[in-house]
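Summary of structural features
Chain by chain, the residues:
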Amino acid sequence: MVYSEVNSAVPVVLVYCGPKDEGREREFQVLAEAANYKVLAYLKQYRRASGPFGIGRGKLEELKDLVRKLGAKKVIFYQSLKPAQVYRLEKELGVEVSDRIQLVLEIFARRAGSREAKLQIELARLRYELPLIRERIRLAKLGELPGFHGGGRYDFDAFYRHAVMKMARIRRELSKLRERKRLHRERRARYGYPIVAITGYTCAGKTTLFNALTSETKLVDDKPFATLSTYVRRVNVHGVPVLVMDTIGFIQDLPPFLIDAFYATLEDLVYSTLILLVIDAAENVSEIERKVDTCLDVFAEIGAISKPIVGVLNKIDLVPTHVVDERIRFVKERFPELSEVIAISALRGWGLDVLKQVIAKYIPHFVTAILSIDVKGLQEPVLEQIYRLGHVRRVDECSGVLYLTVEVRYPELGKLLQIPGLRLIHYEFGRVNEASSKWEENCCTTDGS
Ligand SMILES: Nc1nc2c(ncn2[C@@H]2O[C@H](COP(=O)(O)OP(=O)(O)OP(=O)(O)O)[C@@H](O)[C@H]2O)c(=O)[nH]1
Ligand SMILES: [Mg+2]
């Protein structure tokens, strides 16, 4: 297929090699355009990529022809290419060759705002490029390739060493940033706010929903990966304070190293109380299926699949009511792991009241906490205050320390923790009789029995 319309900057030819899949094929082009490429032509081969060039000889000739005739400056492959394939292809085609992972990295790099996001992208880019540099070193040593930027072979070695050192530096800085985040998370947990995480495939409308729930004005865009960091805001849902979290969108076929480097921002999901999985209801069922599958795979990978997950079919302003009903039925049947499925339009504010009712249903209204206080410093008014705020279910004493098992309405937990001398040992959402065996274990170890 050859395109005549002009889009933007660098002219490219896209190559898709794999099973026929309209959703994936279209998404690849959307990504290329989001990275500001002008797509001149899109070559497709519906079979497994293999061989020294990743495509068959016949297709390679076709590709060469297209590149020459259309004046393309770059060729981008859907499938990940091995370093040796990149160099063979570049030699044959006479233009730069890259792949979809590189494309995703370019978009991330263009859009990253926070320091953490920038570092994660830089680390992912270096991890991706290191094998390519290694291959260049190998070829230079075999005398098959001139030195880097026209220099000698040692330029490659120096560049490689520099990249390795830079990666170590970035890892150190990232681990400091993550430690700070961990402390933030602990503080949040200390005050007992449940977290409602807004997740979903890229462009599903997560940030639009986040803005609607929190009255924020975070960037919304019709291009993929508008959001690259998690944002958290406190809101009241039916009188209960809740932290609402916007997250980075998912996309199919990401290599593990990119998930590792980038989706570390998603570790917050593991600490959430409820996951909202935003789904674009305006897409057809096979797209919905592909995208929800991708999201659930990531949840499983990061260990968040056991949370209650509510499917939120968004953009219902774009489809007739009977289609919305069909989509709801389809998602419920196809994904029984979703606790329930509701329909909204984040843009128009439709269905947000129902959404809040659903959120209220899943967030616990009670917390069971184990608190400790020194018997020596204990005074009557302190005990009175504790009894007024919560329901003391059990009192144990061990080596001059009192351990209190208190059931408290969850908005009151913050007040309880402000009582001088009182320390939070452990807490769990729910009343005492709802608490898990883990809670029982914890209780037993605390009172020394
Ligand atoms: N018609 C309609 N458009 C919507 C709705 N919600 C979001 N959109 C549009 O969908 C596009 C993507 O919205 P975002 O909120 O940026 O989506 P996102 O899921 O945060 O995307 P990423 O951060 O890139 O992963 C924007 O053009 C929004 O205006 C909706 O309810 N109805
Ligand atoms: Mg977003």
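What counts, and at which threshold
- Residues numbered from 1 in each chain as written.
- Chains lettered and ligands numbered in written order.
- Predicted model: local features only at pLDDT ≥ 70, side-chain atom pairs only at ≥ 80, totals over all residues.
- Heavy atoms only, no water.
- Helix = DSSP H or I, 4+ residues; strand = E, 2+ residues; numbered from the N terminus.
- Buried < 20%, exposed > 50% of the residue type's maximum accessible area, 1.4 Å probe, protein only.
- Contact = heavy atoms within 4.5 Å.
- Areas by Shrake-Rupley, 256 points an atom, 1.4 Å probe, with all protein chains shown as cover.
- Phe/Tyr/Trp six-rings, centres within 6.5 Å; stacked < 30°, edge-to-face > 60°.
- Donors = N, O, S within 2.8 Å, 3.2 Å for Na, K, Ca; no water.
- Arc of directions from axis to C-beta.
- Expected span 1.5 Å × (residues − 1).
- Bend = angle between axes of the 7 residues up to and from the residue.
- pLDDT = per-residue confidence, 0-100.
- Pairing = 2+ DSSP bridges.
- Core = buried A, V, L, I, M, F, W, Y, C linked by side-chain atoms within 4.5 Å.
- Near = heavy atom within 4 Å.
- Polar contact = N/O pair within 3.5 Å; in protein donor to acceptor, adjacent residues only side chain to side chain.
- Nonpolar A, V, L, I, M, F, W, Y, C, P; charged D, E, K, R; others polar.

Quick look at the overall build of the protein
Helix and strand content of the protein: 14 helices and 14 strands. Across the 449 residues of the protein, 52% fall into the buried class. A fraction of 71% describes how many contacts in the protein between residues 6 or more apart in sequence connect residues 24 or more apart. Accessible surface, the protein as shown: approximately 21,500 Å² in total, 50% of it carbon and sulfur.

Brief notes about the packing of aromatic side chains
Taken as a whole and judged by the stated rule, the model has six aromatic pairs. Consider the rings of Tyr16 and Tyr46, whose centres lie 6.4 Å apart with planes at 65°: the pair is edge-to-face. Of this pair, Tyr16 sits in strand E1 (residues 10-17) while Tyr46 sits in the loop between strand E2 (37-45) and helix H2 (57-70), and the two are 30 residues apart along the sequence. On the basis of an interplanar angle of 80° and a centroid distance of 4.7 Å, the ring pair of Phe108 and Phe225 is categorised as edge-to-face. Taken together, the positions of Phe108 in helix H4 (residues 100-111) and Phe225 in the loop between helix H7 (206-214) and strand E6 (231-237) put the pair 117 residues apart, joining distant regions of the chain. Residue classification places Phe108 among the buried residues on the basis of a relative accessible area of 0%. Classification of Phe225 as buried rests on a relative accessible area of 1%.

Details of the coordination of the magnesium ion (ligand 2)
Reference values for angles at a metal are 109.5 degrees in the four-donor tetrahedral case and 90 or 180 degrees in the six-donor octahedral case. Coordination sphere of the magnesium ion (ligand 2), protein contribution only: Thr207 (OG1) and Thr227 (OG1), at 2.0 Å. Here Thr227 lies in the loop between H7 and E6 and Thr207 lies in helix H7, a separation of 20 residues in the sequence. Residue classification places Thr207 among the buried positions, given a relative accessible area of 8%.

Side note on helix H12 (residues 380-389)
Val382, Ile386 and Leu389 are the residues of H12 that are buried. Down the axis of H12, the buried set is contained in an arc of 75°. They therefore lie on one face. Set apart from the buried face of H12 by more than 90 degrees, the exposed residues are Glu380, Pro381, Glu384 and Arg388. For H12, the secondary structure elements touched by its buried residues are strand E11 (366-374), strand E12 (390-398), strand E13 (401-409) and helix H13 (413-417).

Observations regarding helix H5 (residues 115-141)
Note: α-helices contain 3.6 residues per turn, so residues at a spacing of three or four share the same orientation. A rise of 1.5 Å per residue sets the reference length of H5, with its 27 residues, at 39 Å; its end C-alpha atoms lie 37 Å apart and thus fit the reference within 8%. The largest bend along H5 measures about 30° and falls at Glu129, with the proline Pro131 one to four residues further on.

Here's the deal with the confidence of the model for the protein
When pLDDT is averaged across the protein, the result is 83; 87% of the residues are at 70 or more. Across the protein, element-level confidence peaks in strand E9 (residues 309-314) with a mean pLDDT of 98 and bottoms out in helix H14 (residues 437-446) with 40. Here residues 147-152 is modelled with pLDDT under 50, and outside its nearest four sequence neighbours on either side it reaches seven contacts, counting other chains as well. Counting interchain partners and residues more than four positions distant, the pLDDT-below-50 stretch residues 434-449 has 23 contacts.

Focus: the pairing of E13
Counting buried positions along E13 yields eight of nine residues, so the element is predominantly enclosed. Pairing between E12 and E13: eight bridges, direction antiparallel. Each residue of the ladder has a partner; that of Asp396, found in E13, is Tyr403. Here E12 folds back onto E13, and the loop between the two strands holds two residues, one of which, Ser399, carries a positive phi near 45°.

Structural notes on the nonpolar core
Ranked by size, the top nonpolar core spans 85 residues in total, and within it Leu63, Val75, Phe77 and Leu277 carry the most contacts. In this structure, Phe210, Leu276, Val312 and Leu352 belong to the second largest nonpolar core, which totals 45 residues.

A short note on the site of ligand 1
Residues in close proximity to ligand 1 total 23 residues, the closest being Lys206, Thr207, Thr208, Ala226 and Asp317. Leu347 places a polar main-chain atom, nitrogen or oxygen, 3.1 Å from an oxygen atom of ligand 1. Considering every element that reaches the shell around ligand 1, the biggest residue donor is H7, with three residues. In terms of residue class, the shell around ligand 1 is made up of nine nonpolar, eight polar and six charged.

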